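# Working through the structure, step by step
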Amino acid sequence: MAQIDPSDDGAVVIIGSGAGGGTLAHELTRRGIKVVLLEAGRRQSIATFSQNPGEAFAQLTWLDPRTQSGTWDPVRTSPTLPVWIAKTVGGTTVHWTGATPRIRPWELRPRGTYGDVPGTSLIDWPIPYDELKRYYRLAEARMVVTRRNGNPGLPASNNFKVMYAAAKKAGYKRVHTGYMAINARPGDERGACIQQGFCVQGCKTGAKWSTLYTEIPRAEATGNLDLRTQCMATRIEHNGAGKVTGVVYRDSAGREQRQKARVVCVAGNAIETARLLLLSESAKFPHGLANSSGHVGRNYCHHINGFIWATFDKPVRFWRGVVLAGLVEDETVNDPKRGFVGGYHFELIALDLPTLPLVGLPYGWGRDFASIMDDYRNMAGMFINGEDLPQANNRITLDDKVKDANGLPVAHVHVDEHPNDKAMRQHARTQGKAMYEAIGAKRVIFSPTTPATHNMCTARMSEHPGDGVANAHGQTHDIPNLFISDGSAFTSPGSANPTLTIVALALRQADYISRKMSAREM
Amino acid sequence: MKTPIGRREFLHKTGVLTGVLALGSPLALVAPSRAWAVDLTSLTSEEGVALMAAARTIAPHDKLEDVAYALVIRALDTTAAKDPALRRQLQEGIASLGAAFAASSENARVEALRRIEPTPFFQNLRVQTLQVLYASPLAYAYFGYEGEAFSKGGYLLRGFNDLRWLPDVPLSDSGPVLAAS
């Protein structure tokens, strides 16, 4: 592994080692570019992942304080944890479920497709779909996605058999075990999935793609990566010409350090990416870095989500097997006759016994609550994953009343639901209930909105500098050597789980940065 | 700094919860004795019994043994020993339920808890009960949950697809089972 001098101003500094940052680090280092990768969390491995759900949560989750407000459910159900993301090397690719559907062509043109939806701040993506598709293919090959590039699908689990029968009974046509970055057979120097469940506690076999044991060790092997763990970026610095010059961070001992940089790429997940840009305000950039448009932190999207559980009078044992290997694609269309714009997926899901009552069920206690838990082994489940609409005031701001361990204001998350969001959720619940009841469910239970694991659009790409933070390459409109390299850069959320698109955009951005660097244009 | 006297010896016992495992209990097979006892270092026995009754009212599983609920109380007691504010919250909360709470009928206990439902005491007790109760090996056994399977080679050969009351999924919509290929 490289050791890059703090005063070396030739390196690219990447903040965050998840899907975006980890992939970008590999792509740049394999082209001979020196990279300092700052990661706030610790480094775990498949050997250290805990198989106790409570311990695993504490081991991987970003638990630093955040505050929140608005009409969405987490304000009531999960006041201290608005979002559930990881703080560890590999970022949320350690915790993710491996689901890799693509954003649909029409979802790149939401403003054009949906029209002027009152209350929203919709714009179209500055990238043509054919261009994104080219990088989707590369990303799917890189991540060994099932049902793509000739890869087989994952086999059907008990939970999926229930979902499949229910969906078919309801007349759905496009139902299968999903596009998953989980090895259905050995590949990419990683083993095949053994259907152990526990995808989100960190995959103990490495069958699920994570930058922790793919991109990052490969970047280290180039000799060009300097990975610094437990290093929390607190400020991006710039010079009088308006170019960024380096990153200030706290190291594992809490000491302030400073790393010079030729280019800075921010990939801290949509909450922390926005927070860092806002924390980096200066006399020259009084509203935060790259924020002349005022869009940094705004348009926050998290996907319409929620669990749908069904209990039966026969056992399912839904905890056995891959957590999310099941997909219904029929509702992933824009059909305003349903009463809303945009589409959604049904995705298979199960929760372990300790986690189900904490995040998976509606608030409750007493006999009715206990009767749901008593049916745990007879339970099947799905997750709604739908497009929420960006709104200017759904945003990340700095909360001056609450400070983190470094004395800096924490992120405040504000989310008010749009009527379209509510209509979509209601439709999905109605459909899901009908599906399960058609095959004899005793009872169907809906969860509230869960703390978001999909966080997007807080530093969005836009064709016009006034409409967003970055251009089509994630390069900020205001500062040519500052890049957005995570889901923050999404122009709109679409209805697909975001990781595949984050990786595709990181591959594309790496091409752009290395081209600009070798042409001495940056 | 190491001291020759362990921390436990400074903590004086303030209460104890006791019980007897049911004959068919999975624990009874491995435990040296069917009798169990959980020491309290912050709450009294009476307070512990009241909290046990409250935890059972919040998550009533009739055939789940008392010792599973005693683990919830032990976790609360351990935290309260280090956190005077929590200890006060628990003591005042228990007092607000009245002396007859633990011995009263389930309906009466539900009514009593409903009256204090908005309080931080109840909300904390509810979350703690869910957090500890369903994470114990006793609960795993009771609900039939098999937990981690990595150490046993996963569920690939241990029933991940053994459901027989619905038709199998066509290969085109699923994929080959690796071990069978």
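One can find the structure itself at the top, above this paragraph.
What this report covers is the structure whose coordinates are included nearby. Worth saying up front: this structure is predicted, and the values here are computed from it rather than measured. (Residues numbered from 1 in each chain as written. Chains lettered and ligands numbered in written order. Predicted model: local features only at pLDDT ≥ 70, side-chain atom pairs only at ≥ 80, totals over all residues.)

Another point: the overall build of chain A. A tally of helices and strands in chain A yields 12 helices and 17 strands. On C-alpha atoms alone, chain A measures out to a radius of gyration of 22 Å, which is about the 24 Å that the 2.2 N^0.38 rule sets for 522 residues. For chain A, with 522 residues in total, the buried portion stands at 60%. In chain A, 75% of the contacts between residues at least 6 apart in sequence involve partners at least 24 apart. (Helix = DSSP H or I, 4+ residues; strand = E, 2+ residues; numbered from the N terminus. Rg over C-alpha atoms; globule rule 2.2 N^0.38 Å. Buried ≥ 20, exposed ≤ 12 C-beta atoms within 10 Å, placed from the backbone. Contact = placed C-beta atoms within 7 Å.)

A tally of regular secondary structure across chain B gives seven helices and two strands. Starting at the N terminus and walking to the C terminus, you meet the elements of chain B as β-α-β-α-α-α-α-α-α. Relative to the 2.2 N^0.38 estimate, which gives 16 Å for 181 residues, the radius of gyration of chain B is 22 Å and therefore markedly larger than a compact globule would have. If one aligns the C-alpha atoms of chain B with their principal axes, the spans along those axes are about 60 × 50 × 35 Å.

Once that is clear, we can look at the interface of chain B and chain A. Between chain B and chain A, the contact holds 39 residues from the first and 45 residues from the second. Partitioned by chemical class, the residues of the side of chain B that touches chain A number 24 nonpolar, 10 polar and five charged. (Nonpolar A, V, L, I, M, F, W, Y, C, P; charged D, E, K, R; others polar.)

All names here are of chain A. Within strand S15 (residues 409-415), five of the seven residues are buried, which leaves it mostly tucked inside the rest of the structure. By the bridge criterion, four bridges tie strand S3 (residues 67-70) to S15 in an arrangement that is parallel. Of the residues in S15, the one forming a bridge with Thr67 is His412. Here strand S14 (residues 395-403) runs beside S15; their pairing, made up of six bridges, is antiparallel. Its bridge partner being in S15, Arg395 is matched across the sheet by His414. Hairpin connection, S14 to S15: the antiparallel pair is bridged by five residues, and Gly407 has positive phi, about 80°. (Pairing = 2+ DSSP bridges.)

This part is about the sheet that holds S3(A). Residue and element names in this part refer to chain A. Read across the sheet, three strands follow the order S3-S15-S14 without closing on themselves; strand pairing throughout is mixed. The open sheet has two edge strands with one neighbour each: S3 and S14. For this sheet the average axis-to-axis angle between neighbouring strands, irrespective of direction, equals 35°. Relative to the sheet, helix H8 (residues 269-279) contacts S14 and S15, its axis offset from that of S14 by approximately 70°. (Axes fitted to C-alpha atoms, helices over the stretch in contact; angles between N-to-C directions.)

Here we take up the nonpolar core. One finds A:Val12, A:Val13, A:Ile14, A:Ile15, A:Val35, A:Val264 and A:Cys265 to be the most contacted residues of the largest nonpolar core, which totals 205 residues. Among the elements that take part in this core, helix H3 (residues 66-82) of chain B stands out by supplying nine residues, more than any other. With sequence-adjacent residues up to four places away left out, A:Cys265 is seen in contact with A:Val12, A:Ile14, A:Ile15, A:Gly21, A:Leu24, A:Phe483 and A:Ser485. (Core = buried A, V, L, I, M, F, W, Y, C linked by C-beta atoms within 7 Å.)

Residues and elements named next belong to chain B. Here H3 crosses helix H6 (residues 120-133) at 120°, and the two axes come no closer than 9 Å. Here H3 lies oblique to H6, going by the angle between them. Here the hand of the crossing between H3 and H6 comes out right-handed. Listed contacts from H6 to Ala68, Tyr69, Leu71, Val72, Ala75 and Leu76 of H3 are Gln128, Thr129, Val132 and Leu133. (Parallel < 35°, antiparallel > 145°, perpendicular 65-115°, else oblique. Left-handed = near helix turned anticlockwise from the far one by under 90°.)

Okay, the sheet that holds strand S17 (residues 482-484) of chain A next. Residues and elements named next belong to chain A. Sheet architecture is open: five strands sit in the order S5-S2-S1-S9-S17, paired in parallel fashion. Of all the strands in the sheet, just strand S5 (225-228) and S17 have a single pairing partner and so form its edges. For this sheet the average axis-to-axis angle between neighbouring strands, irrespective of direction, equals 15°. For strand S1 (residues 12-15) and strand S2 (residues 35-38), the ladder comprises four bridges, and the chain directions are parallel. What sits directly across from Val12, in S2, is Val35.

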